[in-house]
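Report on the structure
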4 protein chains.
Amino acid sequence: MSSTIGEKIKISIFGESHGKAIGVVIDGLPTGQKLDIDKILLEMKRRAPGNDKTATPRKEADFPEILSGIVDLTTTGAPLCAVIHNTNTKSKDYSNIKKCPRPGHSDYPAFVKYNGFNDIAGGGHFSGRITAPIVFAGAVCKQILMEKGIKVTAHINSIGSVEDKSFDPCNITDDVIENLLNSSFPLIDNSKEDAMRKVVMDAASDKDSVGGTIECAVTGLWAGIGGPMFDGIEGKIAKAVFGIPAMKGIEFGKGFDLAKMRGSESNDNFRYDENGNVYTQTNNCGGILGGITNGMPITFKVAVKPTPSIAQPQDTINLETKENDVLEIKGRHDPCIVLRAVPVIEAITAITILDLIS
Amino acid sequence: MSSTIGEKIKISIFGESHGKAIGVVIDGLPTGQKLDIDKILLEMKRRAPGNDKTATPRKEADFPEILSGIVDLTTTGAPLCAVIHNTNTKSKDYSNIKKCPRPGHSDYPAFVKYNGFNDIAGGGHFSGRITAPIVFAGAVCKQILMEKGIKVTAHINSIGSVEDKSFDPCNITDDVIENLLNSSFPLIDNSKEDAMRKVVMDAASDKDSVGGTIECAVTGLWAGIGGPMFDGIEGKIAKAVFGIPAMKGIEFGKGFDLAKMRGSESNDNFRYDENGNVYTQTNNCGGILGGITNGMPITFKVAVKPTPSIAQPQDTINLETKENDVLEIKGRHDPCIVLRAVPVIEAITAITILDLIS
Amino acid sequence: MSSTIGEKIKISIFGESHGKAIGVVIDGLPTGQKLDIDKILLEMKRRAPGNDKTATPRKEADFPEILSGIVDLTTTGAPLCAVIHNTNTKSKDYSNIKKCPRPGHSDYPAFVKYNGFNDIAGGGHFSGRITAPIVFAGAVCKQILMEKGIKVTAHINSIGSVEDKSFDPCNITDDVIENLLNSSFPLIDNSKEDAMRKVVMDAASDKDSVGGTIECAVTGLWAGIGGPMFDGIEGKIAKAVFGIPAMKGIEFGKGFDLAKMRGSESNDNFRYDENGNVYTQTNNCGGILGGITNGMPITFKVAVKPTPSIAQPQDTINLETKENDVLEIKGRHDPCIVLRAVPVIEAITAITILDLIS
Amino acid sequence: MSSTIGEKIKISIFGESHGKAIGVVIDGLPTGQKLDIDKILLEMKRRAPGNDKTATPRKEADFPEILSGIVDLTTTGAPLCAVIHNTNTKSKDYSNIKKCPRPGHSDYPAFVKYNGFNDIAGGGHFSGRITAPIVFAGAVCKQILMEKGIKVTAHINSIGSVEDKSFDPCNITDDVIENLLNSSFPLIDNSKEDAMRKVVMDAASDKDSVGGTIECAVTGLWAGIGGPMFDGIEGKIAKAVFGIPAMKGIEFGKGFDLAKMRGSESNDNFRYDENGNVYTQTNNCGGILGGITNGMPITFKVAVKPTPSIAQPQDTINLETKENDVLEIKGRHDPCIVLRAVPVIEAITAITILDLIS
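Given the structure is predicted, the values throughout are model-derived calculations rather than measurements.

Let us look at the sheet that holds strand β1 (residues 4-5) of chain B. Residue and element names in this part refer to chain B. Spatial strand order, β1-β2-β3-β7-β4: five strands in an open sheet with antiparallel pairing. The two strands at the open ends of the sheet, each matched to only one other strand, are β1 and β4 (64-68). Where strand β2 (residues 10-15) meets strand β3 (residues 21-27), six bridges bridge the pair, whose relative direction is antiparallel. Considered in β3, the bridge of Ser12 is made with Val25.

Applying the stated criterion across every chain, the model contains 63 salt bridges over all chains. A salt bridge links B:Glu7 to B:Lys236, with the shortest nitrogen-to-oxygen separation between them at 3.1 Å. Of this pair, B:Glu7 sits in the loop between β1 and β2 while B:Lys236 sits in helix α6 (residues 233-241), placing them 229 residues apart in sequence. Measuring nitrogen to oxygen at the nearest pair gives 2.9 Å for the salt bridge that ties D:Glu234 to C:Lys248. Within this pair, whereas D:Glu234 is found in helix α6 (residues 233-241), its partner C:Lys248 is found in strand β11 (residues 247-252), the two belonging to separate chains. Of the two residues examined, D:Glu234 and C:Lys248, each falls in the buried class. Connected through shared salt-bridge partners, A:Glu43, A:Arg46, A:Lys142 and A:Glu346 make up one network.

Quick look at the nonpolar core now. It is characteristic of soluble globular proteins that their nonpolar side chains tend to be buried jointly. Among the nonpolar cores identified, the biggest contains 153 residues, and A:Phe136, A:Ile250, A:Phe300, B:Phe136, B:Ile250 and B:Phe300 are the most heavily contacted of them. Filtering out sequence-adjacent residues up to four positions away, B:Phe300 remains in contact with B:Ile214, B:Glu215, B:Cys216, B:Ile237, B:Val241, B:Ile250, B:Glu251, B:Phe252, B:Gly253, B:Ile345 and B:Thr349.

Residue and element names in this part refer to chain B. In contact at an axis separation of 9 Å, helix α1 (residues 37-47) and helix α3 (residues 131-147) are set at 140° when each is read in the N-to-C sense. With respect to their mutual orientation, α1 and α3 come out oblique. When the axes of α1 and α3 are compared, the crossing they make is right-handed. Residues Lys39, Ile40, Glu43, Met44, Arg46 and Arg47 of α1 pack against Thr131, Ala132, Val135, Phe136, Ala139, Val140, Lys142 and Gln143 of α3. Of the residues contributing to the contact of α1 with α3, the split by class is seven nonpolar, two polar and five charged.

Here we come to the sheet that holds strand β1 (residues 4-5) of chain D. Within the open sheet, the five strands sit side by side as β1-β2-β3-β7-β4 (chain D). Their pairing is antiparallel. The two strands at the open ends of the sheet, each matched to only one other strand, are β1 and β4 (64-68) of chain D.

Residue and element names in this part refer to chain A. Within the fold, Asn157 resides in strand β8 (residues 151-159). Its relative accessible area of 5% is what places Asn157 among the buried residues. Dropping the residues within four chain positions of it, Asn157 is found in contact with Val162, Glu163, Asp164, Lys165, Ser166, Met196, Thr213, Ile214, Glu215 and Lys301.

It is worth spelling out the relation of the copies chain A and chain C at this point. Rotating chain A by 180° and moving it 0.0 Å along the rotation axis overlays it on chain C with an RMSD of 0.0 Å. In the structure described here, the two chain copies are related by an operation that fits a two-fold rotation axis. The residues that chain A uses at the interface reappear at the interface of chain C in 100% of cases, marking a shared surface.

Contacts between the two partners involve 101 residues from chain A and, on the opposite side, 101 residues from chain B. Interface area for chain A against chain B, summed over the two sides, is near 7900 Å², with a carbon-plus-sulfur share of 63%. On the chain A side of the interface with chain B, the three residues burying the most area are A:Phe230, A:Lys248 and A:Tyr272, jointly 12% of the side's total. Here chain A is connected to chain B by five salt bridges. Seen at the junction of chain A and chain B, the total is 37 residue pairs in polar contact (both at pLDDT 80 or more). Broken down by element, the residue count for the side of chain A that touches chain B peaks at six residues, all from strand β11 (residues 247-252) of chain A. Its residues placed into classes, the side of chain A that touches chain B shows 46 nonpolar, 35 polar and 20 charged. Where β11(A) and strand β11 (residues 247-252) of chain B come together, three bridges link them in antiparallel fashion. Looking across to β11(B), one finds that A:Gly249 is bridged to B:Glu251.

Let's shift gears to the interface of chain A and chain C. Contact residues are listed per partner, giving 39 residues for chain A and 39 residues for chain C. Taking both sides of the interface into account, the surface hidden between chain A and chain C amounts to around 2800 Å²; carbon and sulfur atoms contribute 59%. At the boundary of chain A and chain C, one finds 12 residue pairs in polar contact (both at pLDDT 80 or more). Looking at the side of chain A that touches chain C, the elements with two or more residues in it are β2 (10-15), β3 (21-27), β4 (64-68), β5 (70-71), β6 (74-75) and β7 (80-85) of chain A. If one sorts the elements of the side of chain A that touches chain C by residue count, β2(A) sits on top with five residues.

The rules behind each value
All residue numbers here refer to positions counted from 1 along the written sequence of the relevant chain. Ligands are numbered from 1 and chains lettered from A, in the order in which they are written. Only residues with pLDDT of 70 or above have their local features reported here, since the model is predicted, and side-chain atom pairs are shown and tallied only from 80 upward, although totals for entire chains, interfaces and linings are computed over all residues. In computing side-chain properties, one takes all heavy atoms of the structure into account and sets aside hydrogens as well as water. Here, any two strands with at least 2 DSSP bridges between them count as paired. Secondary structure counts use DSSP, requiring at least four H or I residues in a row for a helix and at least two E residues in a row for a strand, with both numbered from the N terminus. Any Lys or Arg side-chain nitrogen located within 4 Å of an Asp or Glu carboxyl oxygen qualifies as a salt bridge. Working definition: with a 1.4 Å probe on protein chains only, accessible area under 20% of the residue-type maximum means buried, over 50% means exposed, and in between means partly exposed. Residues enter a nonpolar core if they are buried and are Ala, Val, Leu, Ile, Met, Phe, Trp, Tyr or Cys, with the set joined through side-chain atoms within 4.5 Å. Residues are treated as being in contact if the distance between any of their heavy atoms lies within 4.5 Å. In this analysis an axis means a line fitted to C-alpha atoms, helices contributing only their contacting stretch, and an angle means the value between N-to-C directions, from 0 to 180 degrees. Angle categories: roughly parallel below 35 degrees, roughly antiparallel above 145, roughly perpendicular from 65 to 115, and oblique for all the rest. Left-handed describes a crossing whose near helix is turned anticlockwise from the far helix through less than a right angle; right-handed describes the clockwise counterpart. All amino acids are sorted into three groups, where Ala, Val, Leu, Ile, Met, Phe, Trp, Tyr, Cys and Pro are nonpolar, Asp, Glu, Lys and Arg are charged, and the leftover types, Gly among them, are polar. Here the copies were fitted onto each other by least squares, based on C-alpha atoms from residues at pLDDT of at least 70 in both. Put simply, buried area is the surface a 1.4 Å probe can reach on two separate parts but cannot reach once they are joined, added for both. Counting of polar contacts relies on pairs of N or O atoms within 3.5 Å, with two restrictions inside protein: one atom must be capable of donating a hydrogen and the other of accepting it, and residues adjacent in sequence are counted only when both atoms are side-chain atoms.

Quick look at the structure:
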């Protein structure tokens, strides 16, 4: 088992939801990089609970302590370790799920894999909470990417059946990017916010939860990054994204819609612009051909399943009695994690892109 | 750049479409495994061109020569190298695409990445032809999996807008599996064959191509395989699948449909069967929770884009004149690669699963 | 750059000598392993400074705080992170070496590699202090190995020109092992202690330092572990050992003496003992043939260079003035690190062996 | 098990001594590199048997066929596969060793590891013959290094007790390098050739074999390559070198002699030369400090054990009867492999260095 990813920029995630601390070691960062801590904290706040009514009211003191790898907030080239201490944990909420695995959760397969020794409290190492150090690492990588003109931006693409517009994949302007990063509910078409919130609130009032999709774009990345076969960009991003809990699908560019198209529709024709730069007239491929960037924005969408922790009684098994049972999950849970997952998807994408160009 | 994948079972793919040979080195196979060459050849024939009217009439002598790693057709534990010599190649067909990159192909990004030195003939190392050694490696892995009761089976899930039924993810019988493996056009609902063939033939007669989707299932795999975060099954399968040319999306279980569900619908409740075995009443998660198998069949779908090589004139650029240009692609090309990709998806999945349990 | 090693048991080391903390993330440990903290602390005390007159009198509070991966001191299967906070640091001692690189130290090549941004204080990430978390990780691995009957034991093989006896590589008894582990100056022939101490004290009084060798043995490991070529045991141990600062040579079994032998002398003949177990009559190969264990004890020796930090004035360059200069290193330094390196060599070997058999 | 090494330049070795072919896949080579086949053949001839009286008279047709990765002898960036077909094999010579493992050989541990399924003929995948593709890959890497001014050169440092001079590690001239590369018996002090040959011939006439040492140097490599801990140059070279059969020790710079020195002797003082370039007045560290190059030549020595295949009767076990037995090895064997190992050490070092700077 490994919570490590990357080749040149390696991150190693540790920690359990209700343990002493969670954190990350980042190895391979360029030296001499000045870190803007405020920007890092801002990213972490975007992911933190308690910011929005659609998320859990539980508060987390997600303040990262950097133990190594910097002097005067400047990277030394040595591995950077950041730790986030766990404070506001309510272990008692998880007393019954040790024996009755929660439907939709990792409890049962983890019980089998770890012979029952895994830390079940708060989801342990499977908890969504361990995405906090990923957001920290992503915020560091984003700053380095930004200096190279590369931006990673995501938005809520849908919640339940309510859909936002997609990016215009040929023209993702800085205005669009800025608006999304500064929004507490990042949408391209803000008129959908109320309908989306209603979907979440309705689910919450039914003691239920709801899923959604996120679209992410990488702009400013030049052509020629990636490689054929198992070094392809799609595979690298997909492996990273599926490392985030609750992600169940990913598609690049038009993705599954390409399957219904003809080649004459789906092929993106090449053209020179007035400055002699190559572009494509459409961007159905999401900026990637043969696993390699073609210089157009990378775009992809991910499917986020509904939060499995719901307050309704659910049928499950009892691992002690070996009989069927019913479980009612206590505690405070997000009725929808899509909003909080937006900065996480940005973060893991930024880490992957920096790894690719390092 | 790397055409290598796997940790315990490592495969390394080499070869260009119109070079001397293509092949694979497989490292880490168990010793003493007797190989059934007929079964391997059968798998390779499923992928080979010229078998079906929906595919290219071009013939390939896809006969693998095993150079190492076996004595008396039994694995020795040393790396197994198999080579497929290229014979029927028509390099002249590719004379104009060196300067005019084909829309939808890797030509342009590969030109940038390799400074123009990549072998363009027949797509070079990016050609769909290099999936032949993957099918060889997959056929070897399938035999080893079969002895452990694990089967990997795929079918055409859709071509254009014509859809096959999906697997019943809670009950994939040996009958269903056998029917698919023995079919020259693997569908669960065979009544859809004619409509699908018509979609392909219509596209072909329009000098066009068409995409589709493939569904794949892994049955017989026990609970507890995989791991959290970057060791998750979804990420490993996704990285492998995106190594196959033309794949643009992947979703596990209900995938993108989960995004529209509520938790009470999407959660798969656990139950004991009469023998005390754990199962889930639904299998929306595709057999994977928290990146770990739960003992139910793994199911996933992939999006296959339309073949980018179409005979219609297409707008593109001329890398020599630095001006916009028009390209007409000559040669024989598949109007739809979905059928031929079915055994490839099975193969890369079998390689991945064997790696996971080795 | 990477401070990570291992395939199934991965360790990731972080921290600089004078930063906030140093530590390690251990990924891949078996679940349900009860840790004996007293034994871990004992190992760390063996490496800690201030224990012996031959070492620096500087005290370090090497108390590891385990942040994750355990519940009730039992491993959960999630990554285990342990942190050792730095307390007793005297950064002022290192003021002049930023511009004048110390002969024999990494200062100059690190300056080139990191463009001067590396943390020079106390040697930063190159400091011998970062072996403390390695000893922690090794102590964890040793406990797991011990339950399988595998022991890793090292002793001072020489200091300067004074040599200890070597292990009898065919018969390393538990008595010999116990004596070494419980000794504050581990020698097989204790009569050499005084002479060795005199070599160190003489060097110290001359403001100089002295090198030595360490011999390490792994007992209880069965035949068949390792592999040919780049999976060989020698290569894995060597890569791990050279990760420890100051190691400049390694030889397995009779090592460089084999180069002077004939095959009839060096070959270890196989025999069955009275119980039908295979053994070799000699063990010149150090328990490894073709990169694979043969069931006899693994033995190897490493060369430890003299501590480069000496108090004598030394010729060096001044990176600011770009002129030749003279440096006098201040601060407290070990006149000989061989004694303190003994548990470090054991630790890195234990980590490597556990990785190999996991 | 894995016969793969490298991160950016990955080589994957396959083949058994008496199988159809042996070969190598090289992944990650720079594109557009013109290969000089004559130089490659020259390197392979240096390793080939039958060239010198000290080696086996057995002839091998070591002509590599390049299957992929080049067009017009220029690298395309795709994996380069080269195959050497096995022709002159005498499998009957190895009939008795299947049951009676040869002392000093991998037969017994391989039997255990592979449950008896490994290919014993000619040593199978453990044979020295599989170093032929390593020499091929090294010859390719050497050409690329040469264009960057980096040269890798080795010589016989000793055979039995007869020693050659060592390199002057501060001043390895092109004259010295040229003389060694063009010599059929590469020595710095050619007056030692007769004595060395006599040692080998005496052993041969006694049906015995003899070991030796090889010294290797890398010149022209700049400062700042490598990294601390497990990214150190020593560890990378050591892991690669121990992948070559019969290597049992390695030491960098003064190596084990450093253990007897004081710091004031062993430290290499830094100086500026008249052009403002940094050098060290001695080079006891072998050009490596803290795992990173300091710009001086890298030098290291390796210990080569005597060929284990000797014609004298040797005590061993019989795996069929489970009783002690006596073995007489038939066939033609090298009485000393040191001479033939010289280009192999150069090759694996060149591969490692190119990987480090890619």
